[in-house]
2 protein chains.
Amino acid sequence: MTFTREGFQWTPTTGLQQGLPCEAVIQPPEIIEKPRQVFDVLIIGAGYTGLTAARDLTTAGFKTLMLESRDRVGGRTWTSHVDGYPFEMGGTWVHWFQPHVYRELSRYGMKSELVHCPDYSKKKNHFTFVTKHGRRDMSHEEEQELTARALGKFVDIDGNRGKTVMPFPFNSGWNKVILKFAHMSVADRVEQIKHQLSEEERHAIEAVVLVCSGGTRENSAFLDFLRWWAASNHDYETFMDSVMVFKLKCGQSAFALKFLHESLQTGNLSYSFNTVVSHVDSSGDSAEVRTNDGRQFFAKRIISTIPLNVLTKVHFNPPLDPSKVEASTLKHVNQCVKVHAEVKDPEMRSWSGITYPNNKLLLGAGDGTTPSGNTHIVFFGCEQNHLQPDENVEETLQAIKEFTPMDVERLVFHNWSKDEFAEGAWVWYRPGMEVKYLDALRRRQGGVLFANSDWAEGGWRSFIDGAIQSGTEAALIIKDELQPKKLNSRI
Amino acid sequence: MTFTREGFQWTPTTGLQQGLPCEAVIQPPEIIEKPRQVFDVLIIGAGYTGLTAARDLTTAGFKTLMLESRDRVGGRTWTSHVDGYPFEMGGTWVHWFQPHVYRELSRYGMKSELVHCPDYSKKKNHFTFVTKHGRRDMSHEEEQELTARALGKFVDIDGNRGKTVMPFPFNSGWNKVILKFAHMSVADRVEQIKHQLSEEERHAIEAVVLVCSGGTRENSAFLDFLRWWAASNHDYETFMDSVMVFKLKCGQSAFALKFLHESLQTGNLSYSFNTVVSHVDSSGDSAEVRTNDGRQFFAKRIISTIPLNVLTKVHFNPPLDPSKVEASTLKHVNQCVKVHAEVKDPEMRSWSGITYPNNKLLLGAGDGTTPSGNTHIVFFGCEQNHLQPDENVEETLQAIKEFTPMDVERLVFHNWSKDEFAEGAWVWYRPGMEVKYLDALRRRQGGVLFANSDWAEGGWRSFIDGAIQSGTEAALIIKDELQPKKLNSRI
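How each quantity is defined
Numbering of residues begins from 1 in every chain and follows the order in which that chain's sequence is written. Chains and ligands are labelled by the order in which they are written, letters from A for the one and numbers from 1 for the other. Local features in this predicted model are restricted to residues of pLDDT 70 or higher, and side-chain atom pairs are both shown and tallied only at a pLDDT of 80 or more, whereas totals for entire chains, interfaces and linings draw on every residue. With hydrogens and water excluded, all non-hydrogen atoms of the structure serve as input to the side-chain values. Here, a disulfide means two cysteine sulfur atoms that sit within 2.5 Å of each other. Only protein chains enter the area calculation, which uses a 1.4 Å probe; residues under 20% of their type maximum are buried, those over 50% are exposed, and those in between are partly exposed. UniProt positions are given in the numbering used here, feature names are shortened, and annotations may be inferred rather than shown by experiment. Put simply, DSSP marks the helices as runs of H or I at least four residues long and the strands as runs of E at least two long, and each gets a number from the N terminus on. Every residue pair with non-hydrogen atoms within 4.5 Å of one another is taken to be in contact. For any pair of parts, buried area is found by adding up, for both, the accessible area (1.4 Å probe) each one loses once the two are put together. Each salt bridge in this description consists of a side-chain nitrogen of Lys or Arg and a carboxyl oxygen of Asp or Glu lying within 4 Å of one another. What qualifies as a polar contact is a pair of N or O atoms within 3.5 Å, subject to a donor-acceptor requirement within protein and to the restriction that residues adjacent in sequence count only when both atoms come from side chains. Any residue outside Ala, Val, Leu, Ile, Met, Phe, Trp, Tyr, Cys, Pro, Asp, Glu, Lys and Arg is labelled polar, Gly included; the first ten of those are nonpolar and the last four are charged. What sets the superposition is a least-squares fit of C-alpha atoms, and only residues with pLDDT of at least 70 in both copies go into it. Two strands form a pair only when DSSP identifies at least two bridges running between them. Axes, fitted as lines to C-alpha atoms, cover a helix only where it is in contact. Angles between the N-to-C directions of the axes lie from 0 to 180 degrees.

A.B. asks: Hey, could you go over the state of the cysteines for me, with residue numbers and the actual values?
C.D. replies: Across all of its chains, the model carries 0 disulfides over all chains by this definition. Sulfur of Cys 250 of chain A: no disulfide; nearest cysteine sulfur belongs to Cys 117 of chain A and is 13 Å away. With no disulfide of its own, Cys 212 of chain B lies 10 Å from the sulfur of Cys 336 of chain B, the closest cysteine sulfur. Relative accessible area serves as the criterion here: at 7%, Cys 212 of chain B is assigned to the buried category.

A.B. asks: Summarise the UniProt feature "binding site: FAD" (unreviewed entry) in chain A; cite the residues concerned and give the values.
C.D. replies: All names here are of chain A. Annotation from UniProt places "binding site: FAD" (unreviewed entry) at Thr 49 and Val 277. Tracing the backbone through its elements, the reader meets Thr 49 in helix α1 (residues 48–59). Looking at Thr 49, the relative accessible area reads 5%, which means it is buried. Apart from the residues within four sequence positions on either side, Thr 49 is in contact with Thr 305, Ala 451, Asn 452, Ser 453, Ala 467, Ser 470 and Gly 471. Structurally, the position occupied by Val 277 is in strand β13 (residues 277–281). In contact with Val 277, not counting residues within four places along its chain, are Ile 44, Leu 67, Val 289, Arg 290, Thr 291 and Val 314.

A.B. asks: Break down the interface of chain A and chain B for me, with residues and values.
C.D. replies: Across the boundary between the two partners, chain A contributes 61 residues, which contact 60 residues of chain B. Between chain A and chain B, a total of about 5,200 Å² is buried, with carbon and sulfur atoms accounting for 54% of that surface. Counting every contact that joins chain A to chain B gives 12 salt bridges. In this structure, the salt-bridge partner of Asp 56 of chain B is Arg 103 of chain A, at a minimum N-O distance of 3.9 Å. Counting across the chain A and chain B interface gives 18 residue pairs in polar contact (both at pLDDT 80 or more). Going through the elements one at a time, α1, α2 (99–107), α6 (222–231), α7 (236–244), α8 (252–265), β12 (269–272) and α12 (464–482) of chain A are the ones with two or more residues in the side of chain A that touches chain B. Per-element accounting of the side of chain A that touches chain B gives the leading share, 7 residues, to α2 of chain A. Looking at side-chain class alone, the side of chain A that touches chain B contains 25 nonpolar, 17 polar and 19 charged residues.

A.B. asks: Kindly report on the relation of the copies chain A and chain B, identifying the contributing residues and their values.
C.D. replies: Between the two copies, chain A and chain B, the superposition gives an RMSD of 0.0 Å; the rotation angle is 180 degrees and the shift along the axis is 0.0 Å. As the rotation angle and translation indicate, the two copies are arranged about a two-fold axis. When each C-alpha of chain A is compared by its distance to the rotation axis, Pro 99 of chain A comes out closest, at 1.8 Å. In this assembly the copies share their binding face: 98% of the residues contributing to the interface of chain A also contribute to that of chain B.

A.B. asks: Tell me what's going on with the sheet that holds strand β1 (residues 3–11) of chain B, and back it up with residues and numbers.
C.D. replies: Residue and element names in this part refer to chain B. As summarised here, the arrangement of the 9 strands in space is β2-β1-β21-β17-β20-β19-β18-β9-β10, forming an open sheet in which the pairing is mixed. Each end of this open sheet is capped by a strand with a single partner; those strands are β2 (15–21) and β10 (134–138). The mean inter-strand angle of the sheet, taken between neighbouring strand axes irrespective of direction, is 25 degrees. Across 5 bridges, strand β17 (residues 337–343) lies against strand β21 (residues 408–413) in antiparallel orientation. Each bridged residue has a counterpart across the sheet, and for Val 343 the counterpart in β21 is Val 408.

Next comes the structure, spelled out in C-alpha cells:
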C-alpha cells in the first residue's frame, strides 16, 4: 500500500501522525510522453472532473496531459484503508438518483459495491439530541419524523415543498419566482418561519442544513439547500437516501482509479503528480502552462478543474474574468469538519446524534463496523464553532464525548480548511452568489475551459456527480472542436 | 421531412393511412465502407442499445457496422411530427432519476428539452374513473390520493413499501426473501390483499399496473412492478414522476439522432437500414452475419440487440443457448396498445381518466397542446381486452368515448403487437421468468454479445434507460477485449 502525505491519524498510543495509507497515490508519479509536444489537451487537476475528462478524451484518441498538485487522484474525494477499513476523507455517499456518478459505477461494474450505511440492528439503536435545552434520546423513527417535519417547513416556500418554485433541480432558475429567494440565507429563512417552528424543529433544521453547507447560518445560501432538496424530488426520505446512506464498500479511491486506468490503457495519457500549476497563458496559438518547479507544457486546449476557493492562486493570461476573480476572492462558505472515530463499542453501530448549537461537532452517525469489531462513527462540524482537529485532538475528543460517552480508539481525518489546493470542502454559496456569478464561473476563456462540480449545471452541483458531469461536458466540447470532421453521411 | 413506412394516422377526412413523417429515417439508407472488410464490431439493431454501443465504439476508434431492419433509428422509441406536434409512438417519458438516459441528455445539452406533461391549469381539470360500478369524476388530488393509497398496499410486502425486501432496484435478488414473490402474478398479489382493498382501490391497482405491464392480471409478474417501484425509491410521487411525467419537447427521435451523428462524425460507422439479419455464425475465427437479401458481413465481435420476443427469428450458429430459446418462445407479455388522439377541446388538456375492466383502452391523459390548439390525449390498452387499432378505427374511437365524450380529429399510433421486429412493447416478464431466464439472456456466446433493455441489469430495465445502459456495457466489454494494451504505467 502506498502512502499519501495528506490526512491525519490519531490513536492513544501513537498520538497524532500526518499521512495515511492510500491506494490513490500513483506510482510512478510522472509519466510524460514527449514533454515538448503540443498536447491536444492539458487538464489541471485529477479529481473526478479531471479524471472523467481525461478518460473521455484519451479514449477518443486525444493526447492528454494531466497535472495534479497532490500526490494522488480524487481531489476532494479519497479513501484511506486503515487496518482494512475504508475511511472516506471527503466525498463519500452516492445514489442511483445521481445520474452521472451512477452511470459510471454501472459502467465499471461496481453497482454491487454499494452498501447501506445506517444499520439499526444493534443495541444502542437510538438518536441523541443535545440542544441548549438539554439532552434527549429518541428512536430513529422519532428522529426521522422530527427532521422530516422540520425540513418540510424549511423548504415549503410554495405550499408544495418547493416543487412549484423549483421543479427542475438542474435548472434552478427555470421559474423566475426563485429570484425572490436568491439572496436569502439559512438564518433569513429560519427567521421567516420561526413562528411555525418548535425549538426542537429549529435546532434540527439548523444542524442538518449546516452539516450540508459547512458554513454558518448567516453565510449559507438557502437556495443551495433547496436545490439538493429538489434534486431529491422534494422528498425527505429520498433526500436522506441520496446524500448520506449509500457508500462504496471498496472505497471511493478504487472508483477514481477506474477512470485513470481506462485512460492509461489507451496510451494517450501523460501525467505528473506533485505538480503545482502557477501560470496558464492562452494568449498565443497554443496554450502554455507553467509549473512551480519551472516546467512548461503546451496544449491546444486547457481544462482547468481548479476549485473556486483557490482559483486565483493561478496566474492566467489573458487574466481571469473579473467576475471569476470576485467569486473566488469571496469564496464559498464550506469549511466542513469531517472526523472519523473508531469506538470500542460494537453496539454504537446503530447510534446517531446531533449536538447544536453549543458543540464543535454537530452530527455523528454510525457508518460501519471495522474488521476488529469496532464501530466507525463519522462526525461533522462546520464554520460555526469551527474546529481544527489537527491543532487540538483533546478538543476534538471532547466534542465527540459531548454527544454521548464513548471510548475512542482512533481518529482519522483530513483538514479541508487548511488544504492549500481546495481551501474548503464541497461548494456552498453565500446568499446571492449563485445568481451573480454562476454564469461567469462556467464561461470559457478562449482555449481554456473551466470545469468543476463547484459550478456544475446539474441538480447535484457540489457532489461527485457534478464533478463527473463537468468533466463529461468539457471533454465533449473539446472533442467536437478538435476532432477532424469525417462525416460519412450527407445527413 | 422524411417518412417511415411504420405507424398509422387516421382523420375523419383521410381515413386510415399507413406511414408517418419521421426524422429518424436515415438518408441515404446505406453507407458501408469496404463491405468485405472484417469490421471490429457488427451491431444488429439501431435502437438506443445499438446506437449507444455504436457511439461508444466508433468514438473509441473501432470500425463498426450497424444493421437495422427498419428504415429508421430508435427501435421501440420513435417520434412522428404531425402538423408540428411530436407524437411519441413508443418510449416517451424520462426522468433525471434514470441515470443512463439522463447522463446522455445532459451530455448532449438537452436538459432544457424536458417538459412537464400534466397541466392542471385548464377548465376540465378532473379525473374520470369508470368501473363496472359506474362513473365518477374526482379531482386530481383525490385521484392521486386513491392511487397512492392503493399502490401503497399493493407493494407493501414487508411493512416498508417493499424497501426492506428490495432495497437495491438494480439488484432485485439482493435480499433472497424476494424469491418468495418471484412466481407471483399481479392477480395473485391482488388476491393476497383483497380484504384490505376497496373496489375502487382494486380497480385502480389493476388498471395502473396493466398499463405498466401491457399484459393481463394473470400473466404479468408482480416482481416487475416492484422493481419499477423500487427504482422510484418506493414512493408513489417519485414513481409517477419517473414513468409518465417528463418528455422531450423536441421528441425522442431528435435525441436518438445525437448518438448516430456523434458516431458518424468519427468516420468509423458504416450502416445499412432496411436490412434484416437472418443468420449469425460465430463458429469461425471472425463472426459472419447474413441478411435476408443475401449479403454477408464479417466482424470480430457481434452485438445482438434483437428483442426477446423475436430473438429466435434469427438463426444462430453455434445455436442459441436453450434457455434463451425457451424465454424467447414463451415471450414476455407486453402487448401495450398506445393510441394518440387529437381532440378539439383545449380544456381537455387537464383531464385524465381510467376505464376498467370493461373497456379496450384503460387509461387516458392529456399530454400536450398541438400548435392548432387541440388537446393531445394519450391512451393505453393492454393484452386484456386487446385492441388492434389499425384493424378497427371505429372500435378505437368507441373505446376513447367510453372515458368521456370528446371530438376526435386525429388518431396516431404504432401497433407494436403486429410489429415484426419487436412483437410487443417494453419488456414485462411472466411470473417466474425473471429468476429462471435473466442470467441466461444476459450471457454472451463466444464473440456474440446480447444487449437489450429487455434484460438490462438495472432498476430501469425495459426503459430507454436500460437500453442505453446495455449498449454502454456491451461497448465497454468489447473495447477492453479489442483494444491494444498500451498501458503506459507500471501501476
